[in-house]
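Here's the letter readout for the chains.
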Amino acid sequence: MSSVRLDGITKRYGHTLAVEDISLNIAEREFVTLLGPSGCGKTTLLRIIAGLIEPTAGRIYFDQQDVTYLSPRARNIGFVFQQPALFPHLSVADNVGFGLSVKGVRKDVIAKRVEDMLALVGLSGYGKRMPAQLSGGQQQRVALARVLATDPRVLLFDEPLSALDRNLRETLKYSILDLQRKTGKTAIYVTHDQTEAFAISDRIVVMNAGRIEQIGTQMDIYLHPATPFVAEFIGANNSLSGVVTSVQEGEVTVDADGLRIHCRPHSAFREGDAVLGYIRPENIALLNDKDDHDVHHIGYINVFDGVLDRVIFEGATAQVRVNVNGRELRVDVSGAQRLTLSRRGGRVRIGFNDVTLIPKPA
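Residues numbered from 1 in each chain as written. Predicted model: local features only at pLDDT ≥ 70, side-chain atom pairs only at ≥ 80, totals over all residues. Heavy atoms only, no water.

Undergrad: What is the right way to look at the overall build of the protein chain in this model?
TA: The helix and strand tally for the protein chain stands at 10 helices and 20 strands. The principal-axis extents of the C-alpha atoms in the protein chain amount to approximately 80 × 45 × 35 Å. Burial analysis of the protein chain (362 residues in total) assigns 49% to the buried set. Split by element, the accessible area of the protein chain, about 17400 Å² in all, is 49% carbon and sulfur. Between the averaged position of the 42 positive side-chain charges in the protein chain and that of its 41 negative side-chain charges there is a distance of 8 Å. (Helix = DSSP H or I, 4+ residues; strand = E, 2+ residues; numbered from the N terminus. Buried < 20%, exposed > 50% of the residue type's maximum accessible area, 1.4 Å probe, protein only. Areas by Shrake-Rupley, 256 points an atom, 1.4 Å probe, with all protein chains shown as cover. Lys, Arg positive; Asp, Glu negative; His and termini not counted. Charge placed at Lys NZ, Arg CZ, Asp CG, Glu CD.)

Below is the structure:
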């Protein structure tokens, strides 16, 4: 296992900048996910770490070793691709042991290692089967076993679950995490799926347009997005554009899209600052008719009346769209309340406390 350090990694294709000046430290045994939309540069960065693509600028270190221009084999990395890419004419056991056989390891040692790796991925007894006899999830487990068999310094995953159905993805993502924990390998995982990233990562690196937008734990990124992109990309958010009108001890007042909103910010703001305010739909409550605007009584510092535009029943939750002073806000409702919502046109009252303020880009 190794720590990984990226120092100013940049990759250009002609005039196209795929990755720009990325520096990142990944500790031994850490599971880090590169998360972002298609085309943000996350797979390019992963392939640079693997040695499959040469950077235009910057250096890569495994521990203190500069591996920038070493081949993938010399780096001793394990790379799990989107497709398992098993050899169809080889048995499961021969697929898992292939990398060791190329290295000239003795057959008895390979056989023992293959047996151990298949047990590790939950496929004991599958060694004699052919890839065509396996399900998609089983094939990806074999691919994992093949990578682990060579005892790589670093594990790299390029959206390994994207080709599987939802139920398999749910199961296999935890299997990958469990394997990483058991083996103690440093892992770097690429995905565009936020639920995957949140479920398995120690830290998440959110990327956009070839750059890092924010690095942090799941709670850091979800509760305290650092940029408008992160706030709008991670989960669902109601976005309001406004200006700070008052700054008092522990509270900032913002006039945003015709609404006066009271906030408890995590950063310093001054009167006149242009800001973006983000409110998570699950942090907005639909209040009962008997609730009034006495915030001490109902527990919310922001209370507004509105008109219910639509209700979208989604099973465990209901997505409610409320028109407040001409501005539509999304409210996510769960529990028994989601079953009693009236339909379009009804008057409702909403309340919320948590607002994330971010300086508005110039």
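Still more to cover.
Undergrad: Can you walk me through unusual backbone geometry in this structure?
TA: Leave glycine aside and you will find that most residues have negative phi; peptide bonds, for their part, are mostly trans. For Arg 29, which is not glycine, the phi dihedral falls at a positive 70°. If you trace the backbone, Arg 29 turns up in the loop between β2 (16-26) and β3 (31-35). Residues other than glycine seldom take positive phi values, yet Asn 76 does so here, at roughly 55°. Its location among the elements puts Asn 76 in the loop between α2 (72-75) and β6 (77-80).

Undergrad: Just checking my understanding: could you explain the sheet that holds strand β15 (residues 285-287) for this structure?
TA: The strands making up a sheet are joined through hydrogen bonds of the backbone, oriented either antiparallel or parallel. Read from one edge to the other, the open sheet built from five strands follows the order β15-β19-β16-β17-β18, with strand pairing classed as antiparallel. Two strands close off the open sheet at either side, each with one partner strand: β15 and β18 (327-334). Averaged over all pairs of adjacent strands, the angle between strand axes in this sheet comes to 45°, irrespective of strand direction. (Pairing = 2+ DSSP bridges. Axes fitted to C-alpha atoms, helices over the stretch in contact; angles between N-to-C directions.)

Undergrad: When you look at the packing of aromatic side chains in this model, what are you seeing that I'm missing?
TA: Aromatic ring pairs are defined here through the distance separating the ring centres and the angle between the ring planes. One pass over the structure, following the stated rule, counts eight aromatic pairs. On the basis of an interplanar angle of 10° and a centroid distance of 5.4 Å, the ring pair of Phe 229 and Phe 233 is categorised as stacked. Here the residue Phe 229 and the residue Phe 233 both occupy positions in helix α9 (residues 228-233), the gap between them amounting to four residues, near one helical turn. The exposure class assigned to Phe 233 is buried, which follows from its relative accessible area of 17%. Put simply, the rings of Phe 31, Phe 157 and Tyr 189 pair up and form one aromatic cluster. Over the ring of Tyr 61 we find Arg 5, and its NZ or CZ is 4.1 Å from the ring centre. (Phe/Tyr/Trp six-rings, centres within 6.5 Å; stacked < 30°, edge-to-face > 60°. Lys NZ or Arg CZ within 6 Å of the ring centre and 35° of its normal.)

Undergrad: Explain the packing of helix α3 (residues 92-102) against helix α5 (residues 136-149) to me, please; I cannot follow it from the model alone.
TA: When two helices pack together, you describe them by how their axes are tilted relative to each other and by the distance separating the axes. One can describe the packing of α3 onto α5 by two numbers: an axis separation of 7 Å at closest approach and a directional angle of 30°. Taken together, the axes of α3 and α5 lie roughly parallel to each other. Of the two elements, α3 crosses α5, and the hand of that crossing is right-handed. Two secondary-structure elements touch here, α3 through Val 92, Asn 95, Val 96 and Leu 100 and α5 through Val 142, Ala 145, Arg 146 and Ala 149. Looking at side-chain class alone, the contact of α3 with α5 contains six nonpolar, one polar and one charged residues. (Parallel < 35°, antiparallel > 145°, perpendicular 65-115°, else oblique. Left-handed = near helix turned anticlockwise from the far one by under 90°. Contact = heavy atoms within 4.5 Å. Nonpolar A, V, L, I, M, F, W, Y, C, P; charged D, E, K, R; others polar.)

Undergrad: Is there a simple way to think about the nonpolar core in this case?
TA: As a rule of thumb, soluble globular proteins bury nonpolar side chains together. Ranked by size, the top nonpolar core spans 32 residues in total, and within it Val 96 and Phe 157 carry the most contacts. Elements that contribute at least two residues to this core include exactly α3, α4 (107-120), α5, β7 (154-158), α6 (166-183) and β8 (186-191). No other element matches α5, which puts seven residues into this core. The contact partners of Phe 157, leaving out residues within four places of it in the chain, are Leu 46, Val 80, Leu 144, Ile 176, Ala 187, Ile 188, Tyr 189 and Val 190. (Core = buried A, V, L, I, M, F, W, Y, C linked by side-chain atoms within 4.5 Å.)

Undergrad: How should the pattern of salt bridges be read in this particular structure?
TA: In a structure, side chains of opposite charge can pair up when their charged atoms sit close to one another. This structure, assessed with the given rule, holds 16 salt bridges. The shortest N-O distance in the salt bridge between Arg 327 and Asp 257 comes to 3.4 Å. Taken together, the residues Arg 327 in strand β18 and Asp 257 in the loop between β12 (251-256) and β13 (259-263) connect sequence positions 70 residues apart. (Salt bridge = Lys/Arg side-chain N within 4 Å of Asp/Glu carboxyl O.)

Undergrad: When you look at the packing of α5 against α6 in this model, what are you seeing that I'm missing?
TA: Their axes nearest at 11 Å, the elements α5 and α6 cross at an angle of 15°. Compared by their axis directions, α5 and α6 come out roughly parallel. Judged by the twist between their axes, the crossing of α5 over α6 is right-handed. Residue-level contacts link Gly 137, Gln 140, Arg 141, Leu 144 and Leu 148 of α5 to Leu 168, Thr 171, Leu 172, Ser 175, Ile 176, Leu 179 and Thr 183 of α6.

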